[in-house]
Amino acid sequence: MHAIYIICLKGPAFVEAVEVNEPTAGAESVVIDVHVAGVTFPEVAQSHGEYHLQRVLPFIPGTEVAGTVRSAPSDSGLRAWQRVAAFPGIGGYAATVAVPPTAAVFPLPDNVSFRAGAALPMNYLTMHFALVRRAHLKPGESVLMHGTAGGVGTAAVQLAAALDARVIAVVSEPGKLTAARAVGADEVVWLAASRTLCGS
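Residues numbered from 1 in each chain as written. Predicted model: local features only at pLDDT ≥ 70, side-chain atom pairs only at ≥ 80, totals over all residues. Heavy atoms only, no water.

Caption draft 1: Main features of the side chain of serine 29. As for its position among the elements, serine 29 is in the loop between β2 (15-19) and β3 (30-37). Taking the relative accessible area as the measure of exposure, serine 29 reaches 14% and is therefore buried. Leave out the neighbours within four places in its chain, and serine 29 touches Ser71, Ala72, Pro73, Ala98, Val99 and Pro100. (Helix = DSSP H or I, 4+ residues; strand = E, 2+ residues; numbered from the N terminus. Buried < 20%, exposed > 50% of the residue type's maximum accessible area, 1.4 Å probe, protein only. Contact = heavy atoms within 4.5 Å.)

In structure tokens form, the structure reads like this:
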């Protein structure tokens, strides 16, 4: 199958497309044919050797994917050809990934594209944990979000808005003002090195 290897720790430009054997799936694994894999902070950090979990080279990165189930345990609630998003943690940059039973695999609604689905596990589950489990965000509270033009930032703004919080988004470039407003920020602030401008 097609896969992407991190073969050295010199950054994303040095990953390599390879042909490898399909993963060996245990009886409890969900086997997913990958349609889209997310690009997140861990993959970039791993390519530089700067991630807290160190892997033996070479390895297939890829923490989050969206695709269709090839096979699944009978008690998993999943079926063949079902559209899913998943958090394999590693190995997602391949045509097929075997996801262990401890990983998150969940059905993907028909109105959610594979591209959007691949962004759900890392970005949205991370921010749900941060805002709901850690911050205990309540309706009517205000949240200040930095880096709102990226994946995690977009998820933060959208989830906070869905929780009826007032969202103040901070961006680093004027071109990102519109993007922050489009995903649901109530107020947007551009912080430049020499000045601060507010957008309405």
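After that view of the structure, there is still more to cover.
Caption draft 2: The nonpolar core, seen in detail. One finds Leu131, Met145 and Ala160 to be the most contacted residues of the largest nonpolar core, which totals 19 residues. Secondary structure elements with two or more residues in this core: α3 (120-134), β8 (142-146), α4 (151-162), β9 (166-171), α5 (177-182) and β10 (187-191). No other element matches α4, which puts 5 residues into this core. With residues up to four places along the chain from it excluded, the contact list for methionine 145 reads Leu131, Ala156, Val157, Ala160, Val167, Ile168, Ala169 and Val170. Core analysis: the next-biggest nonpolar cluster, separate from the first, contains 12 residues, Val34, Val69, Leu78 and Val99 among them. (Core = buried A, V, L, I, M, F, W, Y, C linked by side-chain atoms within 4.5 Å.)

Caption draft 3: Structural context of unusual backbone geometry. Following leucine 57, the chain continues into proline 58 via a peptide bond in cis, with omega recorded as -10°. Residue position: proline 58 is located in the loop between α1 (41-48) and β4 (65-71). A positive phi angle, near 65°, is found at aspartate 164, a position not held by glycine. Take aspartate 164: it is sitting in the loop between α4 and β9. A residue is classified by how much of its surface remains accessible, and aspartate 164, at 54% relative accessible area, is exposed.

Caption draft 4: Quick peek at the environment of glutamate 16. Its place among the elements puts glutamate 16 in strand β2. For glutamate 16, a relative accessible area of 37% puts it in the partly exposed group. The spatial distance from the C-alpha of glutamate 16 to the C-alpha of arginine 83 is 28 Å, given a sequence separation of 67 residues. Setting aside anything within four residues of it in sequence, one finds glutamate 16 in contact with Ala3, Ile4, Tyr5 and Ile7.

Caption draft 5: The sheet that holds β4, seen in detail. With respect to topology, 5 strands assemble into an open sheet ordered β6-β3-β4-β5-β7, the strand pairing being antiparallel. The open sheet has two edge strands with one neighbour each: β6 (96-99) and β7 (104-107). Ignoring strand direction, the axes of neighbouring strands in this sheet form an average angle of 40°. Pairing of β4 with strand β5 (residues 83-87) involves 4 bridges; the strand directions are antiparallel. Each residue of the ladder has a partner; that of threonine 68, found in β5, is arginine 83. Where α3 meets the sheet, its contacts fall on β5 and β7, and the angle it forms with β5 comes to roughly 65°. (Pairing = 2+ DSSP bridges. Axes fitted to C-alpha atoms, helices over the stretch in contact; angles between N-to-C directions.)

Caption draft 6: Just the packing of aromatic side chains, in detail. One pass over the full model with this rule turns up 1 aromatic pair. The interplanar angle of 65° and the centroid separation of 6.4 Å between the aromatic rings of phenylalanine 41 and tyrosine 51 together place this pair among those described as edge-to-face. With phenylalanine 41 in helix α1 and tyrosine 51 in the loop between α1 and β4, this residue pair connects regions lying 10 residues apart in the sequence. Taking relative accessible area as the criterion, tyrosine 51 reaches 17% and is therefore assigned buried. The aromatic ring of phenylalanine 14 is capped on one face by lysine 10, whose charged end is 5.6 Å from the ring centroid. Across the ring face of phenylalanine 114, the terminal group of arginine 83 is positioned such that the distance to the ring centre comes to 4.5 Å. (Phe/Tyr/Trp six-rings, centres within 6.5 Å; stacked < 30°, edge-to-face > 60°. Lys NZ or Arg CZ within 6 Å of the ring centre and 35° of its normal.)

From the geometry alone we can't say anything about function, so treat these as descriptive.
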